[in-house]
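Next come the chains, spelled out residue by residue.
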Amino acid sequence: MGMPMRMADSEQEDLMMVINTTPLIDVMLVLLVMLIITIPIQLHAVNMQLPTAVVAPALVKPQQIALDIDARSVITWQGERVDERELEARMAQVAGLAEQPEVHIRTDKDAPYAVFAKVLAASRRAGLTRIAVVGGEQFQ
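A brief structural summary. (Residues numbered from 1 in each chain as written. Predicted model: local features only at pLDDT ≥ 70, side-chain atom pairs only at ≥ 80, totals over all residues. Heavy atoms only, no water.)

Before going further, it helps to examine a nonpolar patch on the surface. Together, Ile25, Leu29, Leu32, Leu35, Ile36 and Ile39 make up a nonpolar patch on the protein surface, roughly 520 Å² of accessible area in all. By the element assignment, Ile39 lies in helix H1 (residues 22–43). (Patch = residues over 30% accessible without salt bridge, like charges linked within 9 Å, V, L, I, M, F, W, Y side chains within 5 Å. Areas by Shrake-Rupley, 256 points an atom, 1.4 Å probe, with all protein chains shown as cover. Salt bridge = Lys/Arg side-chain N within 4 Å of Asp/Glu carboxyl O. Helix = DSSP H or I, 4+ residues; strand = E, 2+ residues; numbered from the N terminus.)

In structure tokens form, the structure reads like this:
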């Protein structure tokens, strides 16, 4: 597979030079094989199971229970005065609900800390998990 060429400057007129095109053809065949190999890889489909979007349920604000402790150590549950035993009974009742309400404890700045600690301990014993201490701005 050569292409004959004549030499003009040579003394021998019948001497022919042949260009070897075999390496060029080899390189072109290698490139063609590489092209044939790489194209199907790019066209392969990958089947994937993508997760479907789950619509989040509407946010429902939980019930809030106001628990106040005043300066005279009086505990009120939703504005109603309760003693320690009744407080523990109500906390146990609320803790047994499927959707526990939020218990917001507000103390007066002059209230004894021991009463606040008793209320927290009672909520812990009852199993309440959603407790918030509110009204801290009065202590600053």
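So that's the structure; there's more coming.
Formed by 18 residues in total, the largest nonpolar core has its most connected members in Leu67, Ile69, Ile75, Trp77, Leu87, Met91 and Val119. Elements that contribute at least two residues to this core include exactly strand E3 (64–69), strand E4 (75–77), helix H2 (84–95), strand E6 (102–107) and helix H3 (113–126). Excluding residues that lie within four positions of it along the chain, Leu67 makes contacts with Ile75, Thr76, Trp77, Leu87, Met91, Val103, His104, Ile105, Arg106 and Val119. (Core = buried A, V, L, I, M, F, W, Y, C linked by side-chain atoms within 4.5 Å. Buried < 20%, exposed > 50% of the residue type's maximum accessible area, 1.4 Å probe, protein only. Contact = heavy atoms within 4.5 Å.)

The next subject is H3. In a regular helix each residue adds 1.5 Å, so 14 residues correspond to 20 Å; H3 covers 20 Å between its end C-alpha atoms and thus fits that length. Restricting attention to buried positions, one finds in H3 the residues Val115, Phe116, Val119, Ala122 and Ser123. Burial along H3 is one-sided: seen end-on, the buried residues are contained in an arc of 125 degrees. Away from its buried face, by an angle of more than 90 degrees, H3 presents the exposed residues Tyr113, Arg124 and Arg125. Taken together, the buried residues of H3 touch E3, E4, H2, E6 and strand E7 (131–134). (Expected span 1.5 Å × (residues − 1). Arc of directions from axis to C-beta.)

Function cannot be inferred from these measures alone, as they are strictly geometric.
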